[in-house]
Amino acid sequence: MSTKKIAFLGLSIAIALILSYIESQIPALIAIPGIKVGLPNLIIIVILYKIGWKEAVVVSILRIFLVSLLFGNVQTMTFSLAGATVSLLSMILLRKLGDFSCITVSIVGGVFHNVGQIIAACLWTLTAQVAYYLPVLLVSGTLAGAVIGLISGILVKRLDKIKF
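Just so it is clear, the structure is predicted and the values come from calculations on it, not from any experiment. Numbers given to residues run from 1 along each chain, matching the order in which its sequence is written. Since the coordinates come from a predicted model, pLDDT governs what is reported: local features require at least 70, and pairs of side-chain atoms require 80 or more to be given and counted, while whole-chain, interface and lining totals use all residues. Excluding hydrogens and water, the side-chain values take into account all heavy atoms of the structure.

Got a minute to help me understand the environment of Leu93 in this structure?
Within the secondary structure, Leu93 is located in helix α4 (residues 74–97). Here Leu93 falls in the exposed class, since its relative accessible area comes to 52%. Along the chain, Leu93 and Ile15 lie 78 residues apart, while their C-alpha atoms are 25 Å from each other. To qualify as a helix, a DSSP run of H or I must reach at least 4 residues; to qualify as a strand, a run of E must reach at least 2; elements of each kind are numbered from the N terminus. Relative accessibility thresholds used throughout: buried, under 20% of the residue-type maximum; exposed, over 50%; partly exposed, between the two (1.4 Å probe, protein chains only).

Structure (structure tokens):
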């Protein structure tokens, strides 16, 4: 692995941590708990497009672990890992299946992140009642995914000159 790639991944983890912290400080725009924009996903999508899926997985896992250690707890880590796992698998699969835009990949990732978190919540609470919350999260995941995908697409194009 080149020094440039290692440095870029290190900076990516740091930026993802900062974006996670910023996102945690943004009050919910609506009175529905759990809805977030997914700012750290900007970094994951850029890595997925510019470097590869393995690096995106590593950065995502490291970010989740560090954020949970610094700002969260075991429950935070559980829900984040569940959402990120399902989200990343869906984005990687979509990326491998064709030349989908960052917006499409991000929307799918946002929706499946919420699906993963609902599954984790059902298992955590031992009740399926939590699944009634899914339609609201699917709408928010779609909207947030579109915004994050749009910004990610711009970043990917701006980083075209950098070779890893």
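Looking at this structure, how should I read the packing of helix α5 (residues 102–125) against helix α6 (residues 134–158)?
The angle between the axes and the distance between the axes are what describe a pair of packed helices. Where α5 contacts α6, the axes come no closer than 6 Å and their chain directions differ by 145 degrees. Handedness of the α5/α6 crossing: right-handed. A class-by-class count of the residues in the contact of α5 with α6 yields 13 nonpolar, 10 polar and no charged. Only the stretch in contact is used when a helix axis is fitted, and all axes are lines through C-alpha atoms; the angle between N-to-C directions ranges over 0 to 180 degrees. We call a crossing left-handed when the near helix sits turned anticlockwise from the far one by less than a right angle, and right-handed when that turn is clockwise. Basically, the charged four are Asp, Glu, Lys and Arg, the nonpolar ten are Ala, Val, Leu, Ile, Met, Phe, Trp, Tyr, Cys and Pro, and anything else, Gly included, counts as polar.

It is not clear to me how the side chain of Glu55 should be interpreted in this structure. Could you clarify?
Mapped onto the fold, Glu55 is located in helix α3 (residues 53–71). Sequence-distant contacts of Glu55, defined by excluding residues within four places in its chain, comprise Lys5, Leu9 and Ile47. Contacts were defined at the residue level, with two residues in contact if any of their heavy atoms lie within 4.5 Å.

Explanation requested: unusual backbone geometry in the structure shown.
Trans peptide bonds make up the majority, and among non-glycine residues the majority have a negative phi. For Leu126, which is not a glycine, the phi torsion comes out positive at approximately 60 degrees. For Leu126, the position within the fold is in the loop between α5 and α6. Since its relative accessible area comes to 77%, Leu126 is described here as exposed.

Explain the pattern of salt bridges here, please?
Side chains that carry opposite charge are capable of pairing whenever their charged atoms lie near each other. A pairing counts as a salt bridge when a side-chain nitrogen of Lys or Arg comes within 4 Å of a carboxyl oxygen of Asp or Glu. All chains considered together, the criterion is met by two salt bridges. Two residues, Glu55 and Lys5, come together in a salt bridge whose shortest N-O distance is 3.8 Å. Placement of the pair is Glu55 in helix α3 and Lys5 in helix α1 (residues 3–25), with a sequence separation of 50 residues. For Glu55, a relative accessible area of 16% translates into the label buried. On the basis of relative accessible area, Lys5 is assigned to the buried category, the value being 15%. Salt-bridge contacts for Lys50 lead to Asp160; the nearest nitrogen and oxygen are separated by 3.3 Å.

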